[in-house]
Amino acid sequence: MKINRRKFVAVGLAGAASLCVGRYTSRGMADEPPVQPLDEDGYKLWLRYAPPGDAAKSHARFVRQIRVDGTSATCAAIRDELRLATATLLGTAIPLNDAAPAAGTVVVGTPETSPLVRNLNWSADLRAIGNEGFIVRSARVGRQPMTVVAANTDLGAFYGAFHFLRLMQTGRPIDKLEITERPALQLRLMNDWDNLDGTIERGYAGRSLWQWNELPDKLSPRYVDYARACASIGINGAVINNVNANPQILAPDYLRKVAALANVWRPYGVRMYLSANFASPVLLGGLSTADPLDKTVADWWKAKADEIYQLIPDFGGFLVKANSEGQPGPKTYARTHADGANLLADALAPHNGNVIWRAFVYDQDIDPDRVKRAYLEFTRLDGRFRPNVAVQVKNGPLDFQPREPFHPLFGGLKQTSVIAEIQATQEYLGQAKHLVYLGTMWTEFLDSDTHAMGGGSTVSNVLAGQVYPSRLTGLVSVTNPGLDTNWCGHHFSQSNWFAFGRLAWNPFLSAGTIAEEWTRMTFTNHDETVAVIREMMMGSRETFVNYTMPLGLHHMIGGDHYAPQPWNNQAPEADWTATYYNQASVEGIGFDRTKNGDRAVEQYFPPVCDMFDDIATCPEKLLLWFHRCAWDYRTKSGKILWDALCAKYYVGAAQAAALQRTWQSLAGKIDSRRHQEVADRLAIQVADSAKWRDQILAYFGTFSKRPVPAMS
Ligand code: GCW
């Protein structure tokens, strides 16, 4: 054990009790000398189950034995998780299922599997929580105080057990629990953009987790850990291959491999989904067409669906990227997206499978402005999709930019199930090199009021089917974990996987609550340290926006989607360049999407449309998204636009440097390995932020013809 005594002396007084936190120190906590936490590699994500400090003492009184009633594989997994977790959370092995329930027993079960749960007569409460919800309650059974985790299904009980563990992990009291939860959304899916050759599109954490050469016979232990991580935050499915789909994934040999993975994940409730290439009947099946209205094509998909369900009876369905960025689709045959989606939907319907059809389309013939195209294509198809189709819409109308307004299809589609796609992999947000917590970005999106049915029609409410009835609801994330030991490349990128799961379960949660939970579970329960890290996370996205694309600027990158390239005017398509979006010239900068411009604002309901349209009411953080302004346009701060822009870049770079200093101050409070690894990346981030500032301002300065003002 590495003990840094100097650091102990320095921080000992302030943090004595909680510095002991960690699996490496024994249970005495407060009276033992604080030591530097032992190194960790991040593999365990937020499931480290480190002792939570003082709270462990009181927890121990309520977790004396554990009883998981039921014989299914899910119940076995719950038992394993509780055994593993409590051993380190409490520092001692807790007996499992070997005695009659007594004081301090944690009972987990369903009315079907557990006589104890059945006898509690909670049927009315249980009826209200559906298939995936749970109740966690402190109850007297006989006269003994116990904790009961009850649900209608074993999976619900698993989610309840994870919730209970989260309370312990975050040092919360567990003596008077009265918790009832059910997920707000149905489809809570990972979208993994893994290719069959082991690479990952927009993956920044090593090669693919799926070992195609070894499957189906050899099963990596990481498959279970992936499923545990997903289940722990309520994620109930995964699309495991790139939406730019290789048709081979549907070939019989690959389906057997996929089925082996699905078998591993079944106990954890992680359902298997696949991205399907729309031209599979041709590319794989040897047909001469993939026309959705052709009977042989429909028969091919039906037979393929039957084959899949033979191997994977609970297969979730297909995700399809069609007629987008070179992918085939129904438009190739002069049919509509609805024709294409319905073709697959009819093949899956007999098996209760769903089609998830992406709205990430931007055919140039639809409109000169890329951000208007998906809305135009899909609103005219509203109501024409089968009930088992959901349209999957990215959070914003362009492409996962650091800041975009919400996509107008949220609220814009009234008779179609709409689910949202967000991106944890940070493609445009510093990838795995910059510390950027996306919880704040996603709650900004989820809280946006579409006004589809008057005020309060927030994106969350739309997604939850509270604005228009929706047969399918959901939130999915392009997360792209890889074989890097810590799964996500940057330790803090793990927080985005975590935040996605928590928000998919409950889109009304606050970003701060999630950041705090994650920090406590991932790093430490030391209150002061938690507060510092939480603060770092909460400001990190705005910091990134400030030093990359403030005031509504967007897409100022080249093909790597990482480094600044505002001058980029060379790409196979104009809408892949940067100059198409920033339109910088001596006259000014920005994209006029107002009613006097290309009228993109009209895709939003009033009063949102008018709010964006009027430069006086348009939030300045979206100014240049909606408006084209002269360099001397007077911003709300009183500064002219050029000066305000310069100030943003300087503030952003200074904020990045401050993040680095703050992290330095935590040396000794975080294990040194993870501390160093984060510090190494912060050094890159600070250098990059200065690069962004200097290169962007040098380029725009050639148009504004003004000097960078002195910064106070
Ligand atoms: O964000 C962009 C990415 C592409 C991706 C595409 C999509 C899978 O740059 O790599 O392709 O979006 O979402 O389909």
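Keep in mind that this is a model prediction, so the values were computed, not measured.

Enquirer: So, the sheet that holds strand β8 (residues 271–275): which residues are in play, and what are the values?
Expert: Strand order around the closed barrel formed by eight strands is β6-β7-β8-β9-β10-β11-β12-β13, with parallel pairing between neighbours. Geometrically, the sheet is characterised by an average inter-axis angle of 25° between neighbouring strands, direction not taken into account. Pairing geometry for strand β12 (residues 417–423) and strand β13 (residues 474–478), over four bridges, is parallel. Directly across from I422, in β13, lies its bridge partner S477.

Enquirer: Explain the sheet that holds strand β5 (residues 178–181) residue by residue, including any values.
Expert: Whether parallel or antiparallel, the strands of a sheet pair through hydrogen bonds between backbone atoms. The five strands are arranged β1-β2-β4-β3-β5 in an open sheet whose pairing can be described as mixed. Only two strands of the sheet have a single partner each, and these edge strands are β1 (65–68) and β5. For this sheet, the mean inter-axis angle between neighbouring strands, taken without regard to orientation, is 20°. Here strand β3 (residues 134–141) pairs with strand β4 (residues 144–150) via seven bridges, running antiparallel. Considered in β4, the bridge of I135 is made with A150.

Enquirer: For the pairing of β4, give the residues involved together with the corresponding values.
Expert: Among the seven residues that make up β4, five are buried, leaving the element largely enclosed by the rest of the structure. Where strand β2 (residues 105–109) meets β4, four bridges bridge the pair, whose relative direction is parallel. Each residue of the ladder has a partner; that of V107, found in β4, is V148. Between β3 and β4, which pair antiparallel and follow one another directly, the connecting turn spans two residues, one of which, G142, has a positive phi of 65°.

Enquirer: Could you give an account of the pattern of salt bridges, naming the residues involved and the relevant values?
Expert: The tally for this structure, following the rule as stated, stands at 41 salt bridges. For E40, the salt bridge goes to R48, with nearest N and O atoms at 2.8 Å. Here the two residues E40 and R48 agree in accessibility, since each one is buried. E602 is paired through a salt bridge with R599; the nearest N and O atoms lie 3.1 Å apart. Members of the salt-bridge network, linked through shared partners, are R403, E444, R541, E542 and K621.

Enquirer: Go over the confidence of the model for the protein, please, and point to the residues and values.
Expert: Per-chain confidence: the protein averages 94 in pLDDT, with 95% of residues scoring 70 or above. Contacts for the low-pLDDT stretch residues 1–33, under 50 throughout, to residues beyond four places or in other chains number 58 contacts.

Enquirer: For the layout of surface pockets, give the residues involved together with the corresponding values.
Expert: Taken as a whole, the largest pocket encloses approximately 630 Å³ of empty space. N131, E132, Q186, R188 and N236 are the residues nearest the centre of the largest pocket, which is lined by 26 residues in total. Taken together, the elements giving at least two residues each to the lining of the largest pocket come down to α6 (154–169), β6 (187–191) and β8. Computed from the structure, the second largest pocket encloses a volume of approximately 330 Å³. As for the second largest pocket, its lining consists of 23 residues, and the residues nearest its centre are R202, E325, Y428, H561 and W576. Residue composition of the lining of the second largest pocket, by class: eight nonpolar, seven polar and eight charged.

Enquirer: Give me helix α7 (residues 221–232): which residues, what numbers.
Expert: For α7, built from 12 residues, the straight-helix expectation of 16 Å at 1.5 Å per residue is met to within 8% by its first-to-last C-alpha distance of 17 Å. Counting buried positions along α7 yields 10 of 12 residues, so the element is predominantly enclosed. Among all positions in α7, only R222, Y223, D225, Y226, A227, R228, A229, C230, A231 and S232 are buried. Residues of α7 that are buried sit in contact with α3 (73–90), α6, β6, β7 (237–239), α8 (252–265) and α16 (494–505). Of the residues trailing α7, G234 is marked for its positive phi of about 85°.

Enquirer: How would you sum up the site of the ligand? Please name residues and give values.
Expert: Near the ligand there are 14 residues, and of these E201, K321, R358, K394 and E427 occur at the shortest range. Take E201: an N or O atom from its side chain is 2.3 Å from an oxygen atom of the ligand. At a separation of 2.7 Å, an oxygen atom of the ligand approaches a polar side-chain atom of D399. For the ligand, the protein covers 98% of the area, taking 340 Å² as the surface of the free molecule. For the ligand, the cavity whose grid points lie within 2 Å of the majority of its atoms is the second largest pocket. Within the shell around the ligand, the residues separate by chemical class into three nonpolar, three polar and eight charged.

Enquirer: Give a detailed account of the packing of α6 against α7, specifying residues and quantitative values.
Expert: Relative to each other, α6 and α7 sit at 80°, their axes nearing to 9 Å. One element, α6, and the other, α7, form an angle in the roughly perpendicular class. Listed contacts from α7 to Y159, F162 and R166 of α6 are R228, A231 and S232.

Enquirer: Go over the packing of aromatic side chains, please, and point to the residues and values.
Expert: Throughout the structure, instances matching the rule amount to 39 aromatic pairs. Geometrically, the ring pair formed by W301 and F318 is edge-to-face, given 5.6 Å between the ring centres and 70° between the ring planes. Within this pair, whereas W301 is found in helix α10 (residues 295–311), its partner F318 is found in strand β9 (residues 317–320), the two being separated by 17 residues in sequence. By relative accessible area, F318 is classed as buried at 0%. On the numbers, 5.4 Å between centres and 80° between planes, the contact of F492 with W663 is edge-to-face. Within this pair, whereas F492 is found in the loop between β13 and α16, its partner W663 is found in helix α22 (residues 641–664), the two being separated by 171 residues in sequence. Accessibility classification places F492 together with W663 in one group, the buried group.

What counts and how
- Residues numbered from 1 in each chain as written.
- Predicted model: local features only at pLDDT ≥ 70, side-chain atom pairs only at ≥ 80, totals over all residues.
- Heavy atoms only, no water.
- Pairing = 2+ DSSP bridges.
- Helix = DSSP H or I, 4+ residues; strand = E, 2+ residues; numbered from the N terminus.
- Axes fitted to C-alpha atoms, helices over the stretch in contact; angles between N-to-C directions.
- Buried < 20%, exposed > 50% of the residue type's maximum accessible area, 1.4 Å probe, protein only.
- Salt bridge = Lys/Arg side-chain N within 4 Å of Asp/Glu carboxyl O.
- pLDDT = per-residue confidence, 0-100.
- Contact = heavy atoms within 4.5 Å.
- 1 Å grid on protein atoms, 1.4 Å probe; cavity = no way out; pocket = protein on both sides within 12 Å on 5 of 7 lines; lining within 4 Å.
- Points joined across faces, edges and corners; volume = space filled by probe spheres on them.
- Nonpolar A, V, L, I, M, F, W, Y, C, P; charged D, E, K, R; others polar.
- Expected span 1.5 Å × (residues − 1).
- Near = heavy atom within 4 Å.
- Polar contact = N/O pair within 3.5 Å; in protein donor to acceptor, adjacent residues only side chain to side chain.
- Areas by Shrake-Rupley, 256 points an atom, 1.4 Å probe, with all protein chains shown as cover.
- Sits in = over half its atoms within 2 Å of the grid points.
- Parallel < 35°, antiparallel > 145°, perpendicular 65-115°, else oblique.
- Phe/Tyr/Trp six-rings, centres within 6.5 Å; stacked < 30°, edge-to-face > 60°.

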